[in-house]
Amino acid sequence: MRKALAVALALLSALALCACTPAPAAEQSPAPSADVSTPSPSPEPSAPPTATPNLIDVVLYLPDASGAGLVATPAKAEDSPEGILAALVAAGALPDVDFGQHITLSVAEETLTFDGVEANGVFVHLDVGDAFASAVKQSDAAHERLILQSLANTLITRYQADGLILSIAGTDLETMRERYNRPIGFDELAQTQQTDPVAP
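Please read all numbers here as calculations on a predicted model, not as lab measurements.

Chemist: Account for the environment of I56, naming residues and giving values.
Modeler: Structurally, the position occupied by I56 is in strand 1 (residues 55-63). When the C-alpha atoms of I56 and K76 are compared, they prove to be 5.5 Å apart, with 20 residues separating the residues in sequence. Excluding residues that lie within four positions of it along the chain, I56 makes contacts with A75, K76, A77, D79 and R158.

Chemist: Quick rundown of the sheet that holds strand 3 (residues 104-114)? Include the residues and the values.
Modeler: Strand order in the open sheet formed by five strands is 3-4-5-6-7, with mixed pairing between adjacent strands. If you trace the sheet from one side to the other, it starts and ends with strand 3 and strand 7 (179-180), each paired once. Pairing of strand 4 (residues 117-128) with strand 5 (residues 163-168) involves six bridges; the strand directions are parallel. Of the residues in strand 5, the one forming a bridge with D127 is S167. Each of strand 4, strand 5 and strand 6 (171-174) is contacted by helix 3 (residues 130-137), which is oriented at about 105° to strand 5, the strand it contacts most. Sheet strands touched by helix 4 (residues 141-159): strand 3, strand 4, strand 5, strand 6 and strand 7. Its angle to strand 5, the strand with the most contacts, is close to 125°.

Chemist: Quick one: what's the story with the pattern of salt bridges, residue by residue and with numbers?
Modeler: When the charged atoms of two side chains lie near each other, side chains of opposite charge can form a pair. All told, the structure shown has five salt bridges when counted by the stated rule. Residues R182 and D115 are paired through a salt bridge, measuring 3.7 Å at the closest nitrogen-oxygen approach. Taken together, the positions of R182 in the loop between strand 7 and strand 8 (192-194) and D115 in the loop between strand 3 and strand 4 put the pair 67 residues apart, joining distant regions of the chain. For the salt bridge of D172 with R179, the shortest nitrogen-to-oxygen distance reads 2.8 Å. Judged by its relative accessible area of 33%, D172 is partly exposed.

Chemist: Tell me what's going on with helix 4, and back it up with residues and numbers.
Modeler: Between the first and last C-alpha of helix 4 there are 27 Å, a value that for 19 residues agrees with the 27 Å anticipated at 1.5 Å per step. Capping the start of helix 4 is the job of one residue whose side-chain oxygen sits 3.3 Å from the backbone nitrogen of A142: D140. Taken from the residues just after helix 4, Q160 is the one with a positive phi, measuring 50°.

Chemist: Provide a residue-level description of the packing of helix 2 (residues 81-90) against helix 4, including the pertinent values.
Modeler: Between helix 2 and helix 4, whose axes approach to 11 Å, the crossing angle comes to 135°. Judged on the interaxial angle alone, helix 4 and helix 2 are oblique. Here helix 2 runs over helix 4; the crossing is right-handed. Residues I84, L85 and L88 of helix 2 form the contact with helix 4, whose participating residues are S150, L151, T154, L155, R158 and Y159. Residue composition of the contact of helix 2 with helix 4, grouped by class: six nonpolar, two polar and one charged.

Chemist: Which residues make up unusual backbone geometry, and what are the values?
Modeler: Backbone geometry places Q160, a non-glycine residue, at a positive phi of 50°. Its location among the elements puts Q160 in the loop between helix 4 and strand 5. You will see that A169, though not glycine, has its phi angle at about 50°, which is positive. Position of A169 relative to the elements: it lies in the loop between strand 5 and strand 6.

Chemist: Explain the nonpolar core residue by residue, including any values.
Modeler: Most often, soluble globular proteins have nonpolar side chains that are buried together. If you look at the biggest cluster of nonpolar residues, it comprises 33 residues, and the most contacted ones within it are L94, V128, F132, L151 and L166. Elements represented by at least two residues in this core include exactly strand 1, helix 2, strand 4, helix 3, helix 4 and strand 5. Tallying contributions element by element places helix 4 first for this core, with six residues. With near-sequence residues (within four places) excluded, L166 lies in contact with L126, V128, F132, L148, L151, L173 and Y180. Within the second largest apolar cluster, five residues are counted, among which are L70, A72, L146 and A190.

Reading the values: rules and limits
- Chains are numbered independently. Their residues run from 1 in the order of the written sequence.
- Since the coordinates come from a predicted model, pLDDT governs what is reported: local features require at least 70, and pairs of side-chain atoms require 80 or more to be given and counted, while whole-chain, interface and lining totals use all residues.
- Hydrogens and water are ignored here; the side-chain numbers use all heavy atoms of the structure.
- Numbering of helices and strands runs from the N terminus; a helix is a DSSP stretch of H or I covering at least four residues, while a strand is a stretch of E covering at least two.
- Contacts were defined at the residue level, with two residues in contact if any of their heavy atoms lie within 4.5 Å.
- A pair of strands is labelled paired if DSSP reports no fewer than 2 bridges between them.
- For helices, the axis comes from a line fit to the C-alpha atoms of the stretch in contact; other axes are also lines fit to C-alpha atoms, and the angle between any two N-to-C directions lies between 0 and 180 degrees.
- Each salt bridge in this description consists of a side-chain nitrogen of Lys or Arg and a carboxyl oxygen of Asp or Glu lying within 4 Å of one another.
- Burial here depends on accessible area, computed with a 1.4 Å probe over protein chains only, as a share of the maximum for the residue type. Under 20% is buried, over 50% is exposed, and the range in between is partly exposed.
- Between the first and last residue of a helix there are one fewer steps than residues, each counted as 1.5 Å, and that sum is the expected span.
- Whenever two N or O atoms come within 3.5 Å, that pair is a polar contact, provided that in protein one can donate a hydrogen and the other can accept it, and provided that, for residues adjacent in sequence, both atoms are side-chain atoms.
- The cut-offs work like this: below 35 degrees is roughly parallel, past 145 is roughly antiparallel, 65 to 115 is roughly perpendicular, and the gaps in between are oblique.
- Handedness of a crossing follows from how the near helix is turned relative to the far one, being left-handed for an anticlockwise turn of less than a right angle and right-handed for a clockwise one.
- Under this grouping Gly is polar, as are all residues other than the nonpolar Ala, Val, Leu, Ile, Met, Phe, Trp, Tyr, Cys and Pro and the charged Asp, Glu, Lys and Arg.
- Residues belong to one nonpolar core when they are buried, are Ala, Val, Leu, Ile, Met, Phe, Trp, Tyr or Cys, and are joined through side-chain atoms within 4.5 Å.

So, in structure tokens, the structure goes:
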């Protein structure tokens, strides 16, 4: 009897001990980690390709060796007012000056009135900066005529016009000898000695 009681007590003690032991914690599965994407570096903007100038065939009217007239000379020039001026400067026909940041050129068929006289035709209007006017004013009379006629003949030929109307920052060019307030015609101030273009 005592032995059976002892066994029963032992069983009760074991059961009580099991009831007091905490249940093992359930294993927690690791939280899924968020995908962190590293942004790839943005490419540096590449420099725009250098535009190739559009070169055209032109006829430049250059002072002849004696300085008495002009010679028609074929050449290549960028198809812009700046390009034609640069070609004339490189050939020695125009002074090497700053023609200004706002060179403007237009070609129009129109009727103009100067000193009460009407002039009909196609005219090139060219506006350049003060530095060009200063260089022309410092030239002697013959050189002044050659500079202006070289410019006029070249532009008249390029744009198939009847005359050049030249202005300086929106005003007439005026030298000690002349006020150029009307179109300059082909060969008006100086004569072209060689009319057929010759190779430079």
